[in-house]
Amino acid sequence: MTADTARTASTPDVVDLCSQLIRFDTTNHGGGDAHGEREAAEFCAATLTDAGLHPTILESAPRRANVIARLPGEDPTLPALLVHGHLDVVPADDTEWSVPPFSGTITDGYVWGRGAVDMKDFCATTLTAVSTITASGHRPRRDIVLAFVADEEDLGTHGAHWLTTHHPDLLSGCAAAIGESGAYTHHVRAPDGRAVRLYPVGTAERGTTHLRLTARGRAGHGSRRNDSNAVVHLITALHALTAHRWPIVLTPTVETFLHRTATALGVHIDLHDIDATLTRLGDAAPLVENTVRNSATPTVLDAGYKVNVIPGLAQAQLDGRTLPGAEDAFLSEVDALIGGHVDREIIAHTGPVQAPVDSPWFDAMATALRAHDPDAVVVPYCLGGGTDAKAFSALGIDCYGFAPLWLPEGFDYRALAHGVDERVPVAGLRFGARVLEHLLRHV
């Protein structure tokens with residue numbers, strides 16, 4: 001029996017674990033309306049218990065469950081590594097899917113279901129990697145803290161943010177963390193025809209600044225001239241925002257991504273002409289194009305109550321995203337663009353995060369990937385959205401997006417997240433479990 005066969009015989013199968021996790025309907029509708037996290041938490045805790053760990057389930061509210069466990073390392077003087085994933089998923093409309101979204105169907109080489117891409121795949125690879133390590137009788141070099149949390153798909157107030165506020169002691173000693181959105185295969189063709197496999201590891205995230213714009217005017221009859229129409233004031237402000245070309249902001253992560261990716265592809269970069277550089281990067285550009293600028297996207301409109309009445313109030317909500325070091329400039333530009341007839345207020349805010357690229361942590365992740373794909377080109381990248389890293393970074397933890405997966409060429413992994421017919425390759429899960437095991441053993 002080979003070593004790989006021995007490990008498989010004595011540990012859970014990552015594909016089966018992923019399928020089982022998907023079957024827990026952990027839909028999070030937002031605003032506290034969520035269910036199913038408790039059952040998923042109990043499943044994860046049972047798997048960790050079978051692996052010899054002593055997990056704790058903590059509820060931030062009835063049935064809003066979080067699982068915490070610590071795998072002791074050989075050297076307790078080394079700083080610990082946090083591995084975090086979330087149990088909740090966004091809603092799914094059964095009528096749109098080819099298979100029931102909570103069936104965990106395994107067919108055609110894929111595991112199908114809501115959360116297969118975000119993020120029950122990573123929970124499954126984590127459980128498998130930890131089980132394999134404990135079954136081997138060996139210990140990792142350092143303590144590994146495991147956190148499977150609730151509420152990431154809303155505000156995190158029942159999950160990571162609650163945990164860091166109320167139980168920071170359980171994360172004591174953690175110097176770095178890994179979580180979702182990174183270390184998956186991104187296939188790119190170089191201009192000379194070479195196939196290049198990028199593996200982007202998240203080292204930064206844009207911050208979130210959700211804004212409410214309020215325009216006030218003079219209410220009146222729709223048939224009469226009105227130079228103080230709240231709807232017009234609001235539309236004018238929104239047009240200015242959406243037409244605005246936000247300035248380039250090159251963070252250390254983005255600049256390093258550009259240099260390393262350009263070198264791998266054999267293309268020229270010009271930091272004074274980023275748009276032309278993005279064009280030359282070809283299929284690699286989607287990894288970076290949303291993180292060279294701040295952004296403000298209108299998403300909600302609310303005005304009026306009758307077609308022949310000009311309302312005195314009109315409101316909009318914007319999804320603002322800010323790069324590290326660019327938050328103050330973002331708000332100043334918004335204020336200048338919306339003009340004097342519109343007020344703005346911040347309705348939700350989490351700051352951007354950034355971890356060092358030149359660090360032993362990043363080097364260990366790159367080594368783990370190359371151990372299982374020698375041709376891997378590991379690059380840092382900045383996430384355009386956000387994760388629970390924002391909560392954990394508040395404790396001074398350097399947070400990285402490292403949830404390894406092998407993906408076939410042409411498989412649009414990023415587009416499937418929160419989409420219809422989410423699925424993850426079986427081979428990708430097995431690759432991810434091996435890479436993660438390697439990292440946890442040697443980091």
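Above this text sits the structure in question.
Summary of the structure given here.

Rules behind the numbers
Residues numbered from 1 in each chain as written. Predicted model: local features only at pLDDT ≥ 70, side-chain atom pairs only at ≥ 80, totals over all residues. Heavy atoms only, no water. Salt bridge = Lys/Arg side-chain N within 4 Å of Asp/Glu carboxyl O. Helix = DSSP H or I, 4+ residues; strand = E, 2+ residues; numbered from the N terminus. Buried < 20%, exposed > 50% of the residue type's maximum accessible area, 1.4 Å probe, protein only. Polar contact = N/O pair within 3.5 Å; in protein donor to acceptor, adjacent residues only side chain to side chain. Contact = heavy atoms within 4.5 Å.

1. Observations concerning the pattern of salt bridges
Side chains bearing opposite charge may pair, as long as their charged atoms lie close to each other. Per the stated rule, a full pass over the model turns up 22 salt bridges. Asp375 is the salt-bridge partner of Arg197, the closest N and O atoms lying 3.5 Å from each other. Of this pair, Arg197 sits in strand S9 (residues 195-205) while Asp375 sits in the loop between helix H10 (360-372) and strand S17 (377-383), placing them 178 residues apart in sequence. Taking relative accessible area as the criterion, Asp375 reaches 53% and is therefore assigned exposed. Several salt bridges share partner residues, and in doing so they unite Glu37, Arg64 and Asp151 into one network.

2. Some words on unusual backbone geometry
That bond from Asp118 to Met119 is cis: its omega, 0 degrees, falls within 30 degrees of zero. With respect to the helices and strands, Met119 occurs in the loop between strand S5 (110-112) and helix H4 (120-136). If you check the backbone angles, His418 has positive phi at about 70 degrees while not being a glycine. Position of His418 among the secondary structure elements: in the loop between helix H12 (413-416) and strand S19 (423-425). Among the residues examined, His418 registers a relative accessible area of 39% and is labelled partly exposed. At Asp421, a residue that is not glycine, the phi angle is positive and equals roughly 60 degrees. Tracing the backbone shows Asp421 in the loop between H12 and S19.

3. Comments concerning the side chain of Thr208
One can find Thr208 in strand S10 (residues 207-216). Its relative accessible area of 10% is what places Thr208 among the buried residues. Side chain to side chain, Thr208 and Arg321 meet in a polar contact 3.1 Å long. Discounting residues that sit within four places of it in the chain, Thr208 has contacts with Asp319, Gly320, Arg321, Thr322, Ala348, His349, Thr350 and Lys390.

Limitation: the analysis is restricted to geometry and does not speak to function.
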